[in-house]
Amino acid sequence: MVSKEVEKLLLKVQKPGRYVGGELNEVIKDKKKVDCRFAFCFPDTYEVGMSHLGMKILYSLMNAVPYIWCERVFAPWVDMEEEMIKHNIPLYALESGDPVSDFDFIGFTLQYELSFTNMLNMLRLSGVPIKSCDRKELKNIVVAGGPCACNPEPIADFVDIFFIGEGEEVDLEVIELFRRCRAEGKSKQEFLELSSKIEGVYVPALYDVTYNEDGTIKSFTPKGDAPAKIHKRIMLDMDKSFYPDNFVVPLVEIVHDRAVQEIFRGCIRGCRFCQAGMIYRPVREKSPETINKQCRALCDNTGYDEVSLSSLSSSDYSQIVPLLDKLNEWSKDEKVSISLPSLRVDGFTDDIMNKIKTVRKSGLTFAPEAGSQRMRDVINKNVREDELLQTCTTAFAGGWTTVKLYFMIGLPTETMDDVAAIAGLGQSVVDAYYKCPDKPKGKSVRVTVSASSFVPKPFTPFQWEPQDTIPVLHEKQQHIKDSITTRKIQFNYHDADTSYLEAVFARGDRKLCKVMELACERGFHFDGWNDCFSLEKWLELFDECGVDPSFYANRHRSFDEILPWDHIDYGVTKDFLIRECKKAYADTTTPHCRLKCNNCGAAKYGKGVCVEKRKNMV
C-alpha cells in the first residue's frame with residue numbers, strides 16, 4: 001500500500017512494480033493490534049531480495065506470531081532513490097507504506113560484503129541515524145544476520161545486535177525480550193545488555209578492541225558481564241524447524257522465480273575455500289516425507305510450476321532418489337518441474353538424471369573449481385577429471401547439450417599451469433560430447449567456463465591466505481582466454497576489482513567503520529553492481545581515512561594472529577582449520593564427513609551427520 005506521493009513517482013522509474021507491494025500472500029495486519037513492528041530489509045533490489053529463501057522463512061515465521069508484524073523493505077534502485085530524495089519521501093515498507101523510521105526493529109540480512117553500503121544507505125534514506133551510539137531510544141533497533149555476520153567488525157559501529165548462526169529461534173527471543181523491556185520501561189542500554197545473554201546474540205558496543213603497532217589486533221575485551229565468546233545458534237531438528245507453506249508471489253519477474261524447498265543445511269565436503277560449508281556444519285537433513293509435504297503445499301498456495309531443491313550440495317542428500325520418487329508421484333501429473341541446482345560432479349547418476357527430466361530440461365551446472373587435479377586436491381574438492389567427463393557423458397546421452405562449469409582463480413599455491421588447465425578441462429568436456437555415441441543428433445555442444453576470483457573468507461582453512469593482487473588476477477584471466485581454442489567454449493569471469501573490495505570487507509576490522517561512514521556520506525551504494533561500483537573512488541576514500549586496504553586483502557596472516565572474528569564460535573575449531581590449511585600446502589585431501597569424522601568441532605551439537613552411522617568410521 002503506497003501513498004499518493006509515491007504513486008506520482010512510479011511513472012518516472014524503470015520498474016514501478018518493485019515499489020508498490022500488494023502481491024499474493026503478502027501479510028497485512030492492523031498495526032493497532034500488534035506490539036512489535038519489524039522492518040525486514042534486504043540491502044539489494046526487489047528482484048534479488050524476493051529470491052532469497054532466508055527472507056521468505058523469517059517473514060512467515062515472524063508474521064505467524066500475532067503480536068509481530070514483519071514487513072519487507074528493499075533498496076530502491078538509483079532512479080527511484082533520486083525521486084525519493086527530490087520529493088522528500090523516506091524509505092518505506094511495502095505492506096503498510098509506513099516509513100522505516102516507524103518500526104521497532106530494522107533488520108538486515110547480510111548475504112554479500114558489498115551490500116554493506118546499501119545497508120547504511122537504506123538507514124540514511126529512512127532518516128534513521130546510521131551509528132548505533134546516535135540511536136539513544138528503545139526503538140529503531142538495528143539488527144543484522146546472515147553469512148556476512150560471521151565477521152561483523154567492519155560494520156560494528158552501525159548495528160545494535162548481530163544474530164550469529166541460524167535465526168528462527170533467536171530472532172523471536174530478542175523480540176520477546178524487547179517487548180518485555182519496553183513494558184518495564186527499561187533503556188536501550190539495559191535491553192542490549194540483557195540481549196547479550198541470549199545465545200547467538202552479539203552486541204558489538206559491549207566489546208573493546210585494542211591494536212598492536214603493526215595494525216593487528218592486540219586484544220578483544222568484553223565489557224561488564226558480556227560473554228567472552230559468542231556461540232552460534234543452530235536448528236537441530238529440521239523436520240520440526242519452521243517452514244512456510246506459502247511465499248509472497250512477486251508482481252515482477254525476479255532472479256529465481258519459483259518455489260524453493262530447503263532439503264538440508266550444512267555440507268559434508270569440506271572445500272577449503274568455502275565459508276558456507278564450514279559455518280553451517282553439521283549437516284542436518286529433512287525427511288523425504290516432510291520435504292514432499294512442504295513442496296506440495298508451496299505449489300498449491302503459490303501456483304508455481306517449478307520447485308528448486310535448495311542445499312549446498314543437493315546430490316549429497318542421503319535419500320535423494322526416494323525423495324525424487326515421492327515428488328514425481330504428483331509433480332508429473334501437475335506439470336511441476338523439479339530442479340537440483342547444486343549437483344556435484346560425482347553425484348549426477350542415471351537415476352537422478354531420469355527423475356529430474358520431468359517437464360523441461362535446462363543446462364546442467366557443475367563446479368570443479370580448479371582445472372588441475374593438484375589444485376582440486378589443494379582445495380579438497382575430491383573430484384577427478386574422469387568423474388567429470390563420465391558425468392557429462394551421462395548427461396549428453398540423456399539429451400543435454402549445455403554444460404556450465406564454475407572455477408576459481410587465485411587459489412593458494414596456484415601456478416599458471418593450473419590456470420591453463422581450466423581451459424583444458426573445458427576442452428575435454430567438448431571432446432566428450434563428440435565422443436558420446438548417444439548424444440542428441442544434429443545438435444552441437446555449448447560449454448560455459450566461468451572463473452571467479454578467490455576471496456579468503458573467515459572460518460575457512462584459507463582465512464589466513466592472501467588474495468592475489470588485481471594485476472595478477474587480470475593476468476590469469478587473460479591466460480585462460482588465450483588457452484581456449486574453440487568457439488564451443490564461452491568464457492566468463494568475475495570482475496577482479498569487486499573481488500578485491502570483497503576481500504577487504506570480508507577480513508576487515510573496526511578500523512573500516514570510519515571508511516564505511518564516509519562512504520555513506522558520499523552516497524556510495526550498489527557496490528555489487530557495475531553500474532555503481534568504482535574502485536578508484538573507494539581507493540580515494542581509503543586514502544582519505546588513512547586505511548590501507550591491501551592490509552586486509554593481500555596480507556598473509558600467521559596462525560597465532562588474533563583475527564577480527566576470533567571471539568565468535570561457529571562450531572568449527574581453529575585447530576581444525578589450521579590442520580586443513582597445512583594439508584592444502586601438502587596437496588593432501590580430507591575425506592568427507594560420511595566417510596570419516598575429521599574432528600572439526602561440530603560434533604559438540606550432537607545432531608546430524610556427526611551422529612550418523614558411517615562406513616569406515618575411524
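Residues numbered from 1 in each chain as written. Predicted model: local features only at pLDDT ≥ 70, side-chain atom pairs only at ≥ 80, totals over all residues. Heavy atoms only, no water.

Visitor: Could you clarify how one ought to interpret the packing of aromatic side chains in this entry?
Guide: The geometry of an aromatic ring pair is captured by the separation of the ring centres together with the interplanar angle, meaning the angle of the planes. Scanning all chains against the criterion turns up 24 aromatic pairs. Following the ring pairs from residue to residue traces out a cluster consisting of Phe38, Phe40, Phe105, Phe178 and Phe191. Sitting over the face of the ring of Tyr67, Arg179 holds its NZ or CZ atom 3.5 Å from the ring centroid. One cation-aromatic arrangement involves Arg555 over Phe551; the distance from NZ or CZ to the ring centre is 4.1 Å. (Phe/Tyr/Trp six-rings, centres within 6.5 Å; stacked < 30°, edge-to-face > 60°. Lys NZ or Arg CZ within 6 Å of the ring centre and 35° of its normal.)

Visitor: Explain empty space enclosed by the protein here, please?
Guide: It is the rolling of a water-molecule-sized probe over the atoms that shows where space remains empty. This model, assessed by the stated rule, comprises 5 cavities of 30 Å³ or more. There is about 140 Å³ of room inside the largest cavity. Along the wall of the largest cavity there are 20 residues; nearest its centre are Ile268, Arg281, Cys593, Asn598 and Cys600. A per-class count over the lining of the largest cavity returns 10 nonpolar, 6 polar and 4 charged. (1 Å grid on protein atoms, 1.4 Å probe; cavity = no way out; pocket = protein on both sides within 12 Å on 5 of 7 lines; lining within 4 Å. Points joined across faces, edges and corners; volume = space filled by probe spheres on them. Nonpolar A, V, L, I, M, F, W, Y, C, P; charged D, E, K, R; others polar.)

Visitor: Help me understand unusual backbone geometry in this model?
Guide: Across residues other than glycine, the phi torsion is negative in most instances, and most of the peptide bonds are trans. The linkage connecting Arg281 with the following residue, Pro282, adopts the cis geometry, with an omega of -5°. Along the chain, Pro282 falls in the loop between helix H8 (276–279) and strand E12 (284–285). Notably, Thr413 is not glycine yet its phi reads approximately 70°, a positive angle. Tracing the backbone through its elements, the reader meets Thr413 in the loop between strand E16 (402–409) and helix H14 (416–435). A relative accessible area of 37% means that Thr413 is categorised as partly exposed. (Helix = DSSP H or I, 4+ residues; strand = E, 2+ residues; numbered from the N terminus. Buried < 20%, exposed > 50% of the residue type's maximum accessible area, 1.4 Å probe, protein only.)

Visitor: Looking at this model, I keep getting lost on the side chain of Asn118. Mind explaining?
Guide: Of note, Asn118 is situated in helix H5 (residues 116–126). Accessibility expressed as a relative area gives 3% for Asn118, which makes it buried. When residues no more than four places from it in sequence are discounted, the contact partners of Asn118 are Pro43, Asp44, Ala75, His525 and Phe526. (Contact = heavy atoms within 4.5 Å.)

Visitor: What should I look at first to understand the nonpolar core in this one?
Guide: The nonpolar side chains of soluble globular proteins are, as a tendency, buried together. Core analysis: the biggest nonpolar cluster contains 195 residues, and Phe105, Phe108, Phe191, Leu309, Phe505 and Trp538 have the highest contact counts within it. Considering each element in turn, this core owes the most residues, 8 residues, to H14. Not counting residues up to four positions away in its chain, the partners in contact with Phe105 are Cys36, Arg37, Phe38, Ala39, Ile141, Val143, Val174, Ile175, Phe178 and Phe191. By size, the runner-up hydrophobic cluster in this structure holds 11 residues, among which are Phe273, Ile379, Met408 and Leu411. (Core = buried A, V, L, I, M, F, W, Y, C linked by side-chain atoms within 4.5 Å.)

Visitor: Help me out: how do you make sense of helix H13 (residues 385–397) in this one?
Guide: Spacing of three or four residues puts side chains on the same side of an α-helix, whose turn is 3.6 residues. Spanning 13 residues, H13 covers 18 Å between terminal C-alpha atoms, matching the ideal 18 Å at 1.5 Å per step. Of all the positions in H13, only Leu388, Thr391, Cys392, Thr394, Ala395 and Phe396 are classed as buried. Just downstream of H13, Gly399 is the residue with a positive phi angle, here 110°. (Expected span 1.5 Å × (residues − 1).)

Visitor: Could you clarify how one ought to interpret the sheet that holds strand E18 (residues 489–493) in this entry?
Guide: Sheet strands pair by backbone hydrogen bonding; their relative direction is either parallel or antiparallel. An order of E15-E16-E17-E18 is seen for the 4 strands of this open sheet, with the pairing classed as parallel. Edge positions in the open sheet fall to strand E15 (364–369) and E18, since each of these has one partner strand only. On average, adjacent strands in this sheet sit at an angle of 20° to one another, irrespective of strand direction. Two elements, strand E17 (residues 446–453) and E18, share 5 bridges in a ladder whose sense is parallel. Residue pairing across strands places Val447 opposite Ile489, the latter belonging to E18. Most of the contacts of H14 go to E16, to which it runs at about 165°, and overall it touches E15, E16, E17 and E18. (Pairing = 2+ DSSP bridges. Axes fitted to C-alpha atoms, helices over the stretch in contact; angles between N-to-C directions.)

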